[in-house]
Amino acid sequence: MMPSSTEHALGMIETAMPDCVQVHSTVEATILHSIRSYSDVQLHQVFPLPEQATMDHAVDIINKVNLLIDADLVDGIVLDTGSANGGGSGKVHDWNISREIVGELDLPVIVAGGLTPENVASCVEQISPYGVDVSSGVEKDGHKDESLVCEFIENARCSLC
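Residues numbered from 1 in each chain as written. Predicted model: local features only at pLDDT ≥ 70, side-chain atom pairs only at ≥ 80, totals over all residues. Heavy atoms only, no water.

1. Remarks on the nonpolar core
Phase 1: In terms of nonpolar packing, the biggest core is built from 38 residues, with Ile61, Ile77, Leu79, Ile101 and Leu105 touching the most fellow members.
Phase 2: With five residues, the top contributor of residues to this core is helix α3 (residues 55-70).
Phase 3: Every residue in contact with Ile77, bar those within four places of it in the chain, is listed here: His44, Gln45, Phe47, Ile61, Val65, Ile101, Leu105, Leu107, Pro108, Val109 and Ile110. (Core = buried A, V, L, I, M, F, W, Y, C linked by side-chain atoms within 4.5 Å. Buried < 20%, exposed > 50% of the residue type's maximum accessible area, 1.4 Å probe, protein only. Helix = DSSP H or I, 4+ residues; strand = E, 2+ residues; numbered from the N terminus. Contact = heavy atoms within 4.5 Å.)

Structure, rendered in structure tokens:
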């Protein structure tokens, strides 16, 4: 569930006590400052990439992230293939863009977007991200499938061997 206000977000953090929160929208710095001053939760800003991303997109994200790092507002980022509804699209973006961003930033970069048990090992091998994020790629008939989740984890881990 996405919070509707800063107060709602802070209440959710207080209730759930997470270690990390993904920030999925372009949030004003004041809101990130509020969360940062209220809690020691890690903040990972999601940056949507178009399916046909270019190196210009990489440079733009790197510049934005460096501003957030300089202001001590993020602890990591998530690169996801964007969609019109604001969430992930379930589609793969150009991993060369992600690899460029990982190579330029000195903070955790998590890759999302179209990852499945079949392609996660290749993603990890090509990009060397801090982590990977999956949702629809481990679903069957609209629900998370335990065997797909296990296969995804195994393939992500085995790519590191």
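Once you've had a look at it, read on.
2. Some points on the sheet that holds strand β1 (residues 20-23)
Working definition: the strands of a sheet are paired by backbone hydrogen bonds and lie parallel or antiparallel to each other.
Phase 1: The five strands lie next to each other as β1-β2-β3-β4-β5, forming an open sheet whose pairing is parallel. Taken across any chain shown, the strands that pair with only one partner, and hence form the sheet edges, are β1 and β5 (131-132).
Phase 2: Sheet topology places strand β2 (residues 42-49) next to strand β3 (residues 76-81); six bridges connect them, and they run parallel. Paired with Gln45 across the two strands is Ile77, which belongs to β3. (Pairing = 2+ DSSP bridges.)

3. Focus: the pattern of salt bridges
Phase 1: According to the stated counting rule, one finds five salt bridges in the structure shown.
Phase 2: Ionic pairing is found between Asp75 and Arg36, a salt bridge with its closest N-O pair at 2.8 Å. Highlighted residues: Asp75 in the loop between α3 and β3 and Arg36 in helix α2 (residues 29-38), separated in sequence by 39 residues.
Phase 3: For Glu139, the salt bridge identified is with Lys144, shortest N-O distance 2.4 Å.
Phase 4: For Lys144, a relative accessible area of 47% corresponds to the partly exposed category.
Phase 5: One connected set of salt bridges, linked through shared partners, spans Arg36, Asp72 and Asp75. (Salt bridge = Lys/Arg side-chain N within 4 Å of Asp/Glu carboxyl O.)

4. Re the environment of Lys91
Phase 1: Residue placement: Lys91 occurs in the loop between β3 and α4 (95-104).
Phase 2: Residue class for Lys91 comes out partly exposed when judged on its relative accessible area of 42%.
Phase 3: Once the C-alpha coordinates of Lys91 and Ser39 are considered, the two residues, 52 residues apart in sequence, prove to be 33 Å apart.
Phase 4: Residue contacts for Lys91: discarding those within four places in its chain leaves Glu51, Thr81, Gly113 and Gly114.

5. Observations regarding the state of the cysteines
Phase 1: As enumerated under the stated definition, the model contains zero disulfides in all.
Phase 2: Between Cys20, a free cysteine, and Cys123, which holds the nearest cysteine sulfur, the sulfur-to-sulfur gap is 18 Å.
Phase 3: Assessed through its relative accessible area of 0%, Cys123 is described here as buried. (Disulfide = S-S within 2.5 Å.)

6. Remarks on the pairing of β1
Phase 1: Residues of β1 alternate between two faces, with Val21 and Val23 buried on one and Cys20 and Gln22 left unburied on the opposite face.
Phase 2: The pairing of β1 with β2 spans four bridges and is classified as parallel. Across the sheet, the residue bridging to Val21 is Leu43, located in β2.

7. Brief notes about the side chain of His44
Phase 1: One can find His44 in strand β2.
Phase 2: His44 gets classed as buried once you look at its relative accessible area, which sits at 4%.
Phase 3: Here Gln42 takes part through its side chain, which lies 3.4 Å from a polar atom of the side chain of His44. (Polar contact = N/O pair within 3.5 Å; in protein donor to acceptor, adjacent residues only side chain to side chain.)

8. Description of α3
Phase 1: Helix length check: α3, at 16 residues, gives a terminal C-alpha distance of 22 Å against a target of 22 Å (1.5 Å per residue), a fit within 8%.
Phase 2: Contacts from the buried residues of α3 go to α2, β2, β3 and α4.
Phase 3: Downstream of α3 by one or two residues, Asp72 has phi in the positive range, about 55°. (Expected span 1.5 Å × (residues − 1).)

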